[in-house]
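Now for the letters of each chain:
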Amino acid sequence: MDGGIARGRVLVVDDDPAIRRSLERGLRLAGFAVALAEGGRPALDRMGAEPADVVVLDISMPDVDGIQVCRTLRADGNDVPVLMLSALDETADRIAGLQAGGDDYLVKPFALQELVLRLEALLRRRPPRATDVVRVGPLELDPAARAARLGGEPLSLTRREFELLEVLARNTGIVLTRDQLLDRVWGYDFEVRTDAVDTFVSYLRRKLEGGGRARCIHTVRGVGFVLRCDDDGSGRG
């Protein structure tokens, strides 16, 4: 089983498609939710629309370089942890990245395991804030208040239902196995049976699909579950 919900959502920013694909695959396998941006401007747009928990940011990009992206984030008051990537092992580059507001620095090429460990360390240093709200289409979760809304209407959820929905929402579009969900929601409580996941998914479906709404939590046969919701709450696609 992987390390759980604390791994969070990573935005990978690099203009090299091969590096983006490689990091996306490796970080997903390591248990992260991954978003991609092919340059500095798309990264800033993405952060404005869908904030990440941590950013992997290449320094050398043709549109807006990583140094400027980091400066812009900090000027806007965004304190998201940023790990800078560079092909140049130069002290001046490391200093420039850290002065711009970067939190860590890694030189290419690097081992994926080292990147994962560094990201985990950055996430541990940043505890969840009361302002952290998870939004997926019409679904909105406020972990600090344990409050959920669907299409603007409040959802009445038990503690376990909320925790399960939060895990699915933080990993929207990613298929999570029953074992992963057991680990992330129930922890290492081996008294809990695997079918508890199916039972609580059925509870959530009744509440999410009320009023004629289509399915948001989808079963992937032989694998597990994935949450996908359209903006209009239809759940199609």
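Each remark here, short or long, concerns the structure printed above.
Residues numbered from 1 in each chain as written. Predicted model: local features only at pLDDT ≥ 70, side-chain atom pairs only at ≥ 80, totals over all residues. Heavy atoms only, no water.

### Remarks on the sheet that holds strand 12 (residues 224–227)
Right, on to step 1. In space, the 3 strands of this open sheet follow the order 10-12-11, with antiparallel pairing throughout. Each edge of the open sheet carries a strand with a single partner, namely strand 10 (176–177) and strand 11 (217–220).
Right, on to step 2. Bridge count between strand 10 and strand 12: 2 bridges; the pairing is antiparallel. When the sheet's bridge partners are listed, Leu176 is paired in strand 12 with Phe225.
Right, on to step 3. Packed on one face of the sheet, helix 6 (residues 159–170) meets strand 10, strand 11 and strand 12 and runs near 70° to strand 12.
Right, on to step 4. Against the sheet, helix 8 (residues 195–208) touches strand 11 and strand 12, its axis set at about 145° to strand 11. (Pairing = 2+ DSSP bridges. Helix = DSSP H or I, 4+ residues; strand = E, 2+ residues; numbered from the N terminus. Contact = heavy atoms within 4.5 Å. Axes fitted to C-alpha atoms, helices over the stretch in contact; angles between N-to-C directions.)

### Comments concerning the pattern of salt bridges
Right, on to step 1. Taken as a whole and assessed by the stated rule, the structure comprises 14 salt bridges.
Right, on to step 2. Across the pair Glu166 and Arg170 runs a salt bridge whose closest N-O atoms are separated by 3.0 Å. Within this pair, Glu166 and its partner Arg170 are both found in helix 6, separated by 4 residues, close to a single helical turn.
Right, on to step 3. Given a relative accessible area of 11%, Glu166 falls into the buried group.
Right, on to step 4. Overall, the relative accessible area of 22% leaves Arg170 in the partly exposed class.
Right, on to step 5. Several salt bridges converge on common partners, so that one network encompasses Arg146, Arg159, Arg160 and Glu163. (Salt bridge = Lys/Arg side-chain N within 4 Å of Asp/Glu carboxyl O. Buried < 20%, exposed > 50% of the residue type's maximum accessible area, 1.4 Å probe, protein only.)

### Looking at the side chain of Arg205
Right, on to step 1. Within the secondary structure layout, Arg205 lies in helix 8.
Right, on to step 2. In this structure, Arg205 is buried with no salt-bridge partner, the nearest side chain bearing the opposite charge being Glu209 at 4.3 Å.
Right, on to step 3. Contacts of Arg205, omitting those with residues within four sequence positions, involve Arg215, Ile217, His218, Thr219 and Phe225. (Lys, Arg positive; Asp, Glu negative; His and termini not counted.)

### Some words on the nonpolar core
Right, on to step 1. Residues Leu139 and Leu208 are the most contacted members of the largest nonpolar core, which totals 31 residues.
Right, on to step 2. With sequence-adjacent residues up to four places away left out, Leu139 is seen in contact with Val134, Arg149, Leu150, Leu155, Leu165, Ala169, Leu208 and Leu227.
Right, on to step 3. Counting 21 residues, the second largest nonpolar core, distinct from the first, contains Leu11, Val13, Ile67 and Tyr105. (Core = buried A, V, L, I, M, F, W, Y, C linked by side-chain atoms within 4.5 Å.)

### A closer look at helix 5 (residues 112–125)
In an α-helix, one full turn covers 3.6 residues, which means residues spaced three or four apart are oriented alike.
Right, on to step 1. Between the first and last C-alpha of helix 5 there are 20 Å, a value that for 14 residues agrees with the 20 Å anticipated at 1.5 Å per step.
Right, on to step 2. Those residues of helix 5 that are buried lie in contact with strand 1 (9–13), helix 1 (17–29), strand 3 (54–58), strand 4 (82–86) and strand 5 (104–107). (Expected span 1.5 Å × (residues − 1).)

### Regarding the packing of helix 7 (residues 178–186) against helix 8
Right, on to step 1. Running from N to C, helix 7 and helix 8 cross one another at 80°; their axes reach a closest spacing of 9 Å. As the angle between them shows, helix 7 and helix 8 are arranged roughly perpendicular. Facing Arg178, Leu181, Leu182 and Trp186 of helix 7, the residues of helix 8 in contact are Ala196, Val197, Asp198 and Phe200.
Right, on to step 2. The residue inventory of the contact of helix 7 with helix 8, partitioned by class, reads 6 nonpolar, no polar and 2 charged. (Parallel < 35°, antiparallel > 145°, perpendicular 65-115°, else oblique. Nonpolar A, V, L, I, M, F, W, Y, C, P; charged D, E, K, R; others polar.)

### As for the sheet that holds strand 1
Right, on to step 1. The 5 strands are arranged 2-1-3-4-5 in an open sheet whose pairing can be described as parallel. The sheet is open, and its two edges are formed by strand 2 (33–37) and strand 5, each paired on a single side. Looking at each pair of strands side by side, their axes are set apart by 20° on average, direction ignored.
Right, on to step 2. Note: strand 1 against strand 3, 4 bridges, orientation parallel. Bridging from a neighbouring strand, Val13 pairs with Leu57 of strand 3.

### Some words on the environment of Arg160
Right, on to step 1. Looking at where Arg160 falls in the secondary structure, it is placed in helix 6.
Right, on to step 2. Since its relative accessible area comes to 22%, Arg160 is described here as partly exposed.
Right, on to step 3. Along the chain, Arg160 and Phe200 lie 40 residues apart, while their C-alpha atoms are 8.0 Å from each other.

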